[in-house]
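Listed here are the chains, written in short residue letters.
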Amino acid sequence: MASTAAVAAWTDGRSRPGPTDDRGRDRRPPFVSLRQVSDATTLERHELIARGKVREMYEAGDRLLMVASDRISTYDVVHPTPIPDKGKVLTGLSVFWFERTRHICQNHMVSCTDVPDQVRGRALLVERLEMVPVECVVRGYITGSGWTDYRATGTVCGVELPPGLEESAQLPAPIFTPATKAADGDHDENVDFDRAAEMIGDRGLLEELRRLSIELYSFAAGHARERGLILADTKLEFGRDRKGRIVLADEVLTPDSSRFWPADGYAAGRSQPSFDKQYVRDWASASGWDRTAPAPALPEDVVDGTRRRYADAYERITETPFATWLERSGCG
Ligand code: Q0N
């Protein structure tokens, strides 16, 4: 895990000059250090085993504790200002999907209540697995790195697509486009099926993961579409338990692992606004930030607007008040 690099990315000093006003004053919002970010969690009684940009994994006996923070990233850089409740929304959404997709695949969730008070509502106790070192991406629409690769080659991860697709177009059928962590540990690299099969050393396993991934995507995309959201794509991770069974892991079908677009106003031929982050991206672009670390602190109205969008996403997808999650997980 690239923990040092990931932490450095959001604690960097401000070495580069930023935008200035007409009298040469720095227009950037004040830099907020890591220590001021409310949820830079350290759980005293649990060993940290992995830290991502916005999540941490801790040891918990023979199990693991997966903790979602309130940190938010845009353009791959984490902002110093947390979005209150974001970690709880993402955890509540993962639990919703874990419970709704059991008929398709077993998953690693053990409990959402048997967790330390400090992280209650945004942590899950999970089964410890042997992870399959491939990110299982399913795309129903052509965007992001898929769109970049398609424009260059007419294919994505070796999957040939019809000519003449427009940006954000729906694909004739969802496609499986595996990715692996690049050498820098930070970026994902698209790979074709053969390469991914070689990396995990078991072609039959990858065929089964492709089948499960497409089934999970199709189920979730149908559910989302009935509630006014397009699920453009999603990234899934799997592992194997002690009995060798395939188990769905990580977070699932959250705005951090998937692209949700409002169906209202969707049109191919351009990029689509993200349901959750567009507010932050629009503000960040207008602020003059050049999209390199450190990311600017976010003003209160952007934080509040984004927080509302995350809660809305939870309520739209689950058709349940967000307060129900807070009560169920013991925060209420
Ligand atoms: C694991 N990662 C990568 C959380 C997610 N059930 C599991 N058993 C063993 N290892 C893992 C899981 C899971 N899920 C997965 N690292 C360890 C993604 N992480 C990054 C940090 O936060």
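As the structure is a computational prediction, the values presented were derived from the model and not from experiment.

Mind laying out the overall build of the chain, listing which residues take part and the relevant values?
Looking only at helices and strands, the chain has 8 helices and 17 strands in total. Considering the chain as a whole, with its 332 residues, one finds that 39% of them fall into the buried category. Long-range pairs, those at least 24 residues apart, make up 65% of the contacts in the chain with a sequence separation of at least 6.

Could you give an account of helix α2 (residues 86–100), naming the residues involved and the relevant values?
Because an α-helix completes one turn every 3.6 residues, residues spaced three or four positions apart along the sequence face the same direction. Helix length check: α2 (15 residues) gives 21 Å between terminal C-alpha atoms against 21 Å at 1.5 Å per residue, within 8%. With 13 of 15 residues buried, α2 lies mostly within the body of the structure.

Residues and numbers for the sheet that holds strand β3 (residues 63–68), please.
If you trace the 5 strands from one edge of the open sheet to the other, you get β1-β2-β3-β7-β6, paired in antiparallel fashion. At either margin of the open sheet sits one strand with a lone partner, and together these are β1 (48–51) and β6 (109–111). Direction aside, the axes of adjacent strands within the sheet are offset by 35° on average. As judged from the 3 bridges shared by β1 and strand β2 (residues 55–60), these two strands associate in the antiparallel manner. The residue of β2 that forms the bridge with arginine 51 is glutamate 56.

A description of the site of the ligand should follow, citing residues and the corresponding values.
Taken together, 16 residues lie near the ligand, and Ala50, Gly52, Arg55, Leu129 and Ala249 sit nearest. Secondary structure elements with two or more residues in the shell around the ligand: β2 and β3. Per element, the largest residue contribution to the shell around the ligand is 3 residues, and it comes from β2. Grouping the constituent residues of the shell around the ligand by class yields 8 nonpolar, 3 polar and 5 charged.

A description of the pairing of strand β9 (residues 136–141) should follow, citing residues and the corresponding values.
The element β9 is extensively covered by neighbouring structure, given that 6 of its 6 residues are classed as buried. Two strands pair when backbone bridges link them, and β9 and strand β12 (residues 170–176) are joined in this way by 3 bridges, in the antiparallel orientation. Across the sheet, residue tyrosine 141 finds its bridge partner in β12, namely glutamine 170.

Outline the packing of helix α4 (residues 193–200) against helix α5 (residues 203–225), listing residues and values.
It is the contact of α4 with α5, at a shortest axis distance of 8 Å, that shows an interaxial angle of 120°. In this view, α4 runs oblique relative to α5, as classed from their interaxial angle. The hand of the α4/α5 crossing is right-handed. Judged by residue contacts, Phe193, Ala196, Ala197 and Ile200 of α4 engage Arg203, Leu205 and Leu206 from α5. A breakdown of the residues in the contact of α4 with α5 according to their chemical character gives 6 nonpolar, no polar and 1 charged.

Could you give an account of helix α6 (residues 278–286), with specific residues and numbers?
All buried positions along α6 are accounted for by Tyr279, Val280 and Ala284. Down the axis of α6, the sector holding all buried residues measures 125°, keeping them to one side. Those residues of α6 that are exposed and aimed more than 90 degrees away from the buried face are Ser285 and Ala286. Positive phi appears at glycine 288, one or two residues downstream of α6, with a value of about 90°.

Go over the packing of α2 against helix α7 (residues 300–318), please, and point to the residues and values.
The contact between α2 and α7 brings their axes to 9 Å, and the two run at 15°. Of the possible angle classes, the one that applies to α2 and α7 is roughly parallel. Considering the relative orientation of α2 and α7, their crossing is left-handed. Where α2 approaches α7, its residues Lys86, Val89, Gly92, Leu93 and Phe96 are matched on the opposing element by Tyr310, Ala311, Ala313, Tyr314, Ile317 and Thr318. Residue composition of the contact of α2 with α7, grouped by class: 8 nonpolar, 2 polar and 1 charged.

Explain the environment of glycine 332 to me, and be specific about the residues and the numbers.
Turning to its location among the elements, glycine 332 is positioned in the segment after α8 (322–328). Spatially, the C-alpha atom of glycine 332 lies 9.3 Å from that of glycine 121, the residues being 211 residues apart in sequence.

Describe unusual backbone geometry, listing the residues and the values that go with them.
Keep in mind that most residues, glycine aside, have a negative phi and that most peptide bonds are trans. Residue alanine 293 is joined to proline 294 through a cis peptide bond whose omega torsion reads 0°. Among the secondary structure elements, proline 294 is positioned in the loop between α6 and α7. The residue leucine 253 is not glycine, and still its phi comes out positive at about 55°. Turning to its location among the elements, leucine 253 is positioned in the loop between β16 (246–249) and β17 (258–262).

Go over the pairing of strand β7 (residues 123–126) with me, naming the residues and quoting the values.
Looking down a regular strand, the side chains alternate between one sheet face and the other. Taken together, the 4 bridges between β3 and β7 define a ladder with antiparallel strand orientation. Counted as the bridge partner of leucine 65 is leucine 125 from β7. Relative to β7, β6 is paired through 2 bridges, and the arrangement is antiparallel. Bridging from a neighbouring strand, methionine 109 pairs with valine 126 of β7.

Rules and cut-offs
Residues numbered from 1 in each chain as written. Predicted model: local features only at pLDDT ≥ 70, side-chain atom pairs only at ≥ 80, totals over all residues. Helix = DSSP H or I, 4+ residues; strand = E, 2+ residues; numbered from the N terminus. Buried ≥ 20, exposed ≤ 12 C-beta atoms within 10 Å, placed from the backbone. Contact = placed C-beta atoms within 7 Å. Expected span 1.5 Å × (residues − 1). Pairing = 2+ DSSP bridges. Axes fitted to C-alpha atoms, helices over the stretch in contact; angles between N-to-C directions. Near = placed C-beta within 6 Å. Nonpolar A, V, L, I, M, F, W, Y, C, P; charged D, E, K, R; others polar. Parallel < 35°, antiparallel > 145°, perpendicular 65-115°, else oblique. Left-handed = near helix turned anticlockwise from the far one by under 90°. Arc of directions from axis to C-beta.

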